[in-house]
Amino acid sequence: GEKLIDLFKNKRVSDIQMPIQSTSSRIMKMMRRKEYSNHNGPLLQDLRAVNNRAILRTDVVIGWPTETLEERIDSLTFAGTHFDEVALYTIELHPDRPAWKYKDKAFSETELSSIRKESVKFLDENFPEVVVHCGQQDDETMSKAEEKRKILRKKKSKV
């Protein structure tokens, strides 16, 4: 972390991507990954302190099979608290991916669509400055995100 902070002090570093996926250690274990939010939260705060021009972006996976509302809200709250832009992606089942093992417990496409909409709404209501979109999974969110992104870029360029 300290080495990264030293590198990110340079104001030419203007865009940093850190995909957190989830803050649930249970879900991250199912994804065959480790969960680092306890470490990353302070790191992101330190990064903001040394370079307030950098735009911090993350990806969050929502709608993982068996994900609870509490797990989702925890991940969204972490993302909204620490990042300027949050890309939300619902899980896409495929035999080559870890989620396939849990396909029998997966949310339906209708449920995933609802989860995306509810998650965008949660972030918009609780973190109105954060740029939120669902990538190509929901093109409606992209145009709204681009408008907020323009405002964010302008704000950061004045710092």
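Residue indices follow the written sequence of each chain, beginning from 1 at its first position. Per-residue local features are limited, in this predicted model, to residues with pLDDT of at least 70; the limit for side-chain atom pairs, both in listing and counting, is 80 or more; totals at the level of whole chains, interfaces and linings are taken over all residues. Hydrogens and waters are ignored; side-chain quantities use all the structure's heavy atoms.

Q: Hey, could you run me through the pattern of salt bridges in this one?
A: Pairs may arise between side chains of opposite charge once their charged atoms sit close together. Only one rule defines a salt bridge in this text: a Lys or Arg side-chain nitrogen within 4 Å of an Asp or Glu carboxyl oxygen. Summed over the entire model, instances satisfying the criterion amount to 15 salt bridges. A salt bridge links Asp 6 to Lys 9; the nearest nitrogen and oxygen atoms lie 3.4 Å apart. Judged by relative accessible area, which is 45%, Lys 9 ranks as partly exposed. Glu 147 serves as the salt-bridge partner of Lys 150, at 3.6 Å between the closest nitrogen and oxygen. Only protein chains enter the accessibility calculation, which uses a 1.4 Å probe. A residue is then buried if its area is under 20% of the maximum for its type, exposed if over 50%, and partly exposed in between.

Q: Even after reading the chapter, I still don't get the packing of helix α4 (residues 69–82) against helix α5 (residues 109–126), so can you show me in this structure?
A: Each pair of packed helices gets described by two things: the angle between the helix axes and the distance between those axes. Between N-to-C directions, angles cover 0 to 180 degrees, with each direction set by a line fitted to C-alpha atoms, over the stretch in contact for helices. Only DSSP runs of H or I with at least four residues qualify as helices, and only runs of E with at least two residues qualify as strands; both kinds are numbered from the N terminus onward. Direction vectors running N to C along α4 and α5 enclose 40°, while the axes themselves pass 10 Å from each other. Taken together, the axes of α4 and α5 lie oblique to each other. Of the two possible hands of crossing, α4 and α5 adopt the one that is right-handed. When α4 is examined against α5, the residues Arg 72, Ile 73, Leu 76, Thr 77 and Gly 80 are found in contact with a partner set consisting of Ile 115, Glu 118, Ser 119, Phe 122 and Leu 123. Under the scheme applied here, ten amino acids are nonpolar (Ala, Val, Leu, Ile, Met, Phe, Trp, Tyr, Cys and Pro), four are charged (Asp, Glu, Lys and Arg), and all others, including Gly, are polar. Per-class residue counts for the contact of α4 with α5 are five nonpolar, three polar and two charged. When an angle is under 35 degrees it counts as roughly parallel; over 145 it counts as roughly antiparallel; between 65 and 115 it counts as roughly perpendicular; any other value is oblique. Two helices crossing with the near one rotated counterclockwise from the far one by less than a right angle form a left-handed crossing, whereas a clockwise rotation gives a right-handed crossing. Whether two residues are in contact is decided by their heavy atoms: any pair within 4.5 Å suffices.

Q: Teacher, can you tell me more about the pairing of strand β2 (residues 55–62) here?
A: Look at any regular strand and the pattern is simple: side chains alternate between the two faces of the sheet. Of all eight residues making up β2, seven are buried, and the element is well covered by its neighbours. One ladder, built from three bridges, connects strand β1 (residues 15–17) with β2; its direction is parallel. Following the sheet pairing, Ile 16 is matched in β2 by Leu 56. Should DSSP find at least two bridges between two strands, the strands are regarded as paired. Two elements, β2 and strand β3 (residues 85–90), share six bridges in a ladder whose sense is parallel. Within β3, the position partnered with Thr 58 by the bridge is Val 86. With its strands directed away from the observer, a crossover is right-handed exactly when the path from the first strand over the helix to the second travels clockwise. Each parallel crossover has a hand, and for β2 linked through α4 to β3 it is right-handed.

Q: Where do I start with the sheet that holds strand β4 (residues 131–133) in this structure?
A: Pairing between the strands of a sheet comes from backbone hydrogen bonds, and it takes one of two forms, parallel or antiparallel. Strands sit in the order β1-β2-β3-β4 across an open sheet of four strands; the sheet is parallel. Both edges of this open sheet fall to β1 and β4, since each of them pairs with a single strand only. Recorded for the sheet is a direction-independent mean angle of 20° between the axes of neighbouring strands. Pairing between β3 and β4: three bridges, direction parallel. Along β4, the bridge assignment pairs Ala 87 with His 133. Seen against the sheet, α5 touches β2, β3 and β4 and runs at an angle of roughly 165° to β3.

Such coordinate-based values are descriptive only and should not be taken to indicate function.
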